[in-house]
Amino acid sequence: MTGNEIEPQFFDSFDGTRIAWRELGEGRPVVLIHGYFSDAKTNWLRYGHAAAVAAKGFRVIMPDLRGHGDSAKPHDPASYPADALMRDGLALVEHLRLTDYDLGGYSLGARTTVRMLVNGATPKRVVLSGMGLAGIVATAGRGGYFRNVLTNLGTFERGSREWLTEAFLKTTKGDPQALLRVLDTFVDTPRAALETITQQVLVAAGDEDDDNGSAQDLAEALPGGRYVEVPGNHMSAVTKAELGQAIADFLAR
């Protein structure tokens, strides 16, 4: 099932910003958060990952981050305070009255998941995909790369990494101004805070994905971390069935 067949639902977050989410399947709730420049449809629905998880008896809940997808895309800097994405995630959990649930994300969604965990979220199991240790403890590096892309659109050499990133932005019809503001919400998580995350955590990343540092190092920094390799780099791993299968298998254990 593609995202086009699932109508979004909406709620007002902690500051009144309208946040969209989609659902697929029935059963145990799992919240899955997409990556930067992406949205729920692209990240979870298009390539069948949500369907693979739903097939194992899950109610898959997929928000669009603020500044992305069908959620509000304000341009006002005041709409992007530090940790806004984390606060949106906690607000969604509260809005849906989830108590016994699982939580995960890809790339920025994984980072948002970590921020939620160290700010009081209590899922039973956790999925961090497309994320390495550096992308959690030192967000400025990755943020700087995207800031460069967003402020120099149309100038990159065809086929370059930046050009490919811009091409992805076009496919998701991203709003460059809103996305630039999203970078202001990034907050580093100290290694010591990672040691307080006691849940079983699947750390899944492409075998050629080092965009956010080492996923293996991230798994080792978490008491309950378990590293699983899937094929691909940061952009391509999310298009492969192995990612959704790894997530579904882990959650169904």
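Computed from a predicted structure; not experimentally measured.

Draft legend 1. Spatial organisation of the packing of aromatic side chains. Considering all chains together, one arrives at six aromatic pairs under this definition. Look at Phe11 and Trp21: their rings are 6.1 Å apart centre to centre, the planes differ by 70 degrees, and that puts the pair in the edge-to-face class. Of this pair, Phe11 sits in strand 1 (residues 9-12) while Trp21 sits in strand 2 (residues 18-24), and the two are 10 residues apart along the sequence. Grouping residues by exposure puts Phe11 and Trp21 together as buried. Between Phe37 and Phe146, the ring centres sit 5.2 Å apart and the planes meet at 55 degrees, which makes this aromatic pair tilted. Of this pair, Phe37 sits in the loop between strand 3 (28-33) and helix 1 (40-45) while Phe146 sits in helix 6 (residues 140-151), and the two are 109 residues apart along the sequence. For the residue pair Phe37 and Phe146, the accessibility class agrees, reading buried in each case. Here the aromatic residues Tyr36, Phe37, Tyr145, Phe146 and Phe186 are joined through ring pairs into a cluster of three or more. Here the guanidinium or amino end of Arg111 rests over the ring plane of Phe186, the centre of that ring lying 4.5 Å away.

Draft legend 2. Just the environment of Val53, in detail. Counting through the fold element by element, Val53 comes out in helix 2 (residues 49-54). In sequence terms Val53 and Val203 are 150 residues apart; their C-alpha atoms lie 16 Å from each other.

Draft legend 3. Fine view of unusual backbone geometry. In this structure, Asp83 takes a positive phi of about 65 degrees despite not being glycine. Among the structural elements, Asp83 can be located in the loop between strand 4 (58-63) and helix 3 (84-95). Residue class for Asp83 comes out buried when judged on its relative accessible area of 11%. The phi angle at Ser107 is positive, at roughly 55 degrees, despite the residue not being glycine.

Draft legend 4. Highlighting the pairing of strand 8 (residues 225-230). In this sheet, strand 8 lies alongside strand 7 (residues 200-206) in parallel orientation, the contact comprising six bridges. From the neighbouring strand, Ala204 faces strand 8, where its bridge partner is Val228. In terms of handedness, the path from strand 7 via helix 10 (residues 215-221) over to strand 8 forms a crossover that is right-handed.

Draft legend 5. Geometry of the packing of helix 6 against helix 7 (residues 161-171). Viewed as axis vectors pointing N to C, helix 6 and helix 7 meet at an angle of 75 degrees, and their least axial separation amounts to 10 Å. Considered as vectors, helix 6 and helix 7 are oriented roughly perpendicular to each other. Along the contact surface, helix 6 presents Arg142, Tyr145, Phe146, Asn148, Val149 and Leu150, while helix 7 presents Arg161, Glu162, Thr165, Glu166 and Leu169. Per-class residue counts for the contact of helix 6 with helix 7 are five nonpolar, two polar and four charged.

Draft legend 6. Quick peek at the nonpolar core. If you look at the biggest cluster of nonpolar residues, it comprises 34 residues, and the most contacted ones within it are Tyr36 and Phe37. Of all the elements in the fold, those that place two or more residues in this core are strand 2, strand 3, helix 3, helix 4 (108-117), helix 6, helix 7 and helix 8 (176-182). In contact with Phe37, not counting residues within four places along its chain, are His68, Phe146, Leu150, Thr165, Phe168, Leu169, Thr172 and Leu179. In terms of nonpolar packing, the next biggest core, distinct from the first, is built from 27 residues, Leu45, Phe58, Ala204 and Ala246 among them.

Draft legend 7. Seen up close, the sheet that holds strand 6 (residues 125-129). The eight strands lie next to each other as 1-2-4-3-5-6-7-8, forming an open sheet whose pairing is mixed. On the outer flanks of this sheet lie strand 1 and strand 8, each paired with one strand and no other. Along the sheet, successive strands turn relative to each other by an average axial angle of 20 degrees, direction set aside. Across four bridges, strand 2 lies against strand 4 in antiparallel orientation. Along strand 4, the bridge assignment pairs Leu24 with Val60. Each of strand 1, strand 2, strand 3 and strand 4 is contacted by helix 3, which is oriented at about 110 degrees to strand 1, the strand it contacts most. Along the sheet face, helix 4 touches strand 3, strand 5 (102-106) and strand 6 and points at about 140 degrees away from the line of strand 5.

Rules behind the numbers
- Residues numbered from 1 in each chain as written.
- Predicted model: local features only at pLDDT ≥ 70, side-chain atom pairs only at ≥ 80, totals over all residues.
- Heavy atoms only, no water.
- Phe/Tyr/Trp six-rings, centres within 6.5 Å; stacked < 30°, edge-to-face > 60°.
- Helix = DSSP H or I, 4+ residues; strand = E, 2+ residues; numbered from the N terminus.
- Buried < 20%, exposed > 50% of the residue type's maximum accessible area, 1.4 Å probe, protein only.
- Lys NZ or Arg CZ within 6 Å of the ring centre and 35° of its normal.
- Pairing = 2+ DSSP bridges.
- Right-handed = clockwise from strand over helix to strand, strands pointing away.
- Axes fitted to C-alpha atoms, helices over the stretch in contact; angles between N-to-C directions.
- Parallel < 35°, antiparallel > 145°, perpendicular 65-115°, else oblique.
- Contact = heavy atoms within 4.5 Å.
- Nonpolar A, V, L, I, M, F, W, Y, C, P; charged D, E, K, R; others polar.
- Core = buried A, V, L, I, M, F, W, Y, C linked by side-chain atoms within 4.5 Å.

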